[in-house]
Structure formats: structure tokens, C-alpha cells
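One-letter residues, chain by chain:
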Amino acid sequence: YSKAKLLHKAQITKLQKIPKSRKDTMGSSASTTLKVLCLPTVLAATPMLLVAVGLRPVDDDQLAIAQFWSDLAGVAIPYKFFFAFVGTGKLIGNAAMWGYLPKWLRLGVVIPALCGSYMHSHDVPAGSTSMTIPPIVFACMAASTWFLDDSEDSGKTKKT
């Protein structure tokens, strides 16, 4: 009995000496995995920004997207401004997910995904109704990194 009790006490003491960051890596591992899965939004932001600065021609589907949001807002939103706004938001959101900016800026990834789902549910661009659910799944993955990260607030100091 006393030998087992001593062994148990030694194990507890050993666990207490492990730094907190190594005690529970489940949250940070899951968060890193989700962040990697969310990286394609950077690729989606690139053509948007190229259209915004005039380095890529706008196509009919992109015009339909900008027009949908203009109609919803009740004001004409120039497509270059629209894509500059959304593309920049996606880049900022990704930078925030990786800890380079405050956590709340992750909304730059979550909100466009949810808005995209809403837009696709209205079949914009034409034939995209099957794309209604994937943006919701993506937004949930991105939002969950907010809760899985162990740091209190990203963006204060980035450890490299």
C-alpha cells in the first residue's frame, strides 16, 4: 500500500512540474489543424484584391455577387470597393487566426463565410445553391479557433 501511494505521489509531483503548455495540447493541436484548414481563404482573397486594384478583369459571377449585396444594402456598391473590402477582411481574419492581430479580427473570416452562405442560398451566382452549407461549416471551424486557442488575446505579442 505505501509503495503504491508513494508511486502515485511521485507521478502527481512529476505532472505538477510539467509546464502548463505541455499538460494539455489538445486545444492548441485542434486549433492549429483548423487554422490550416482555413488557409484557403487567403487564396480566395487574392483574386478579389486583384479585381479591386484592376490587375484582374471582373467576371460575370463576381459582378452578380457585388450586385446582390448592392441590392440588399439599397445602395450601389462599386465592385472594386466591394472586393477590396471583403478581400482585405479575409486577409486580416487569417492574420488574426495565426496570432498576428487581436482575436476579434477573426470575424474578418467568419462573417464573410456566413454572408456567402446567405448569398448562395439565394442562388447567387447562378447555380450555387449547393454551396450554402460549406461556408457555414467553414465559419464554425474558424470561430472555434477563438475558443481553442490557449492565449488570452492574440495580437499582443507574437511568439516565433
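1. Describing the layout of surface pockets
Move 1: Quantified by volume, the largest pocket comes out at close to 900 Å³.
Move 2: Lining the largest pocket are 35 residues, with M48, V86, K90, P112 and G116 sitting closest to its centre.
Move 3: Secondary structure elements with two or more residues in the lining of the largest pocket: helix 4 (40-52), helix 5 (60-73), helix 6 (79-97), helix 7 (107-121) and helix 8 (133-148).
Move 4: For the lining of the largest pocket, the residue count by class is 24 nonpolar, 8 polar and 3 charged.

2. Here's the deal with helix 4
Move 1: Between its first and last C-alpha, helix 4 extends 19 Å over 13 residues, near the 18 Å set by a 1.5 Å rise per residue.
Move 2: Taken as a whole, helix 4 has its buried residues at T41, A45, M48, V51 and A52. With its buried residues spanning 115° around the axis, helix 4 presents them on a single face.
Move 3: Positive phi appears at G54, one or two residues downstream of helix 4, with a value of about 85°.

3. Digging into the confidence of the model for the protein
Move 1: For the protein, the average pLDDT comes to 84, and 76% of its residues sit at 70 or higher.
Move 2: Mean pLDDT values over the elements of the protein span from 48, in helix 2 (residues 20-23), up to 96, in helix 5.

The rules behind these values
- Residues numbered from 1 in each chain as written.
- Predicted model: local features only at pLDDT ≥ 70, side-chain atom pairs only at ≥ 80, totals over all residues.
- Heavy atoms only, no water.
- 1 Å grid on protein atoms, 1.4 Å probe; cavity = no way out; pocket = protein on both sides within 12 Å on 5 of 7 lines; lining within 4 Å.
- Points joined across faces, edges and corners; volume = space filled by probe spheres on them.
- Helix = DSSP H or I, 4+ residues; strand = E, 2+ residues; numbered from the N terminus.
- Nonpolar A, V, L, I, M, F, W, Y, C, P; charged D, E, K, R; others polar.
- Expected span 1.5 Å × (residues − 1).
- Buried < 20%, exposed > 50% of the residue type's maximum accessible area, 1.4 Å probe, protein only.
- Arc of directions from axis to C-beta.
- pLDDT = per-residue confidence, 0-100.

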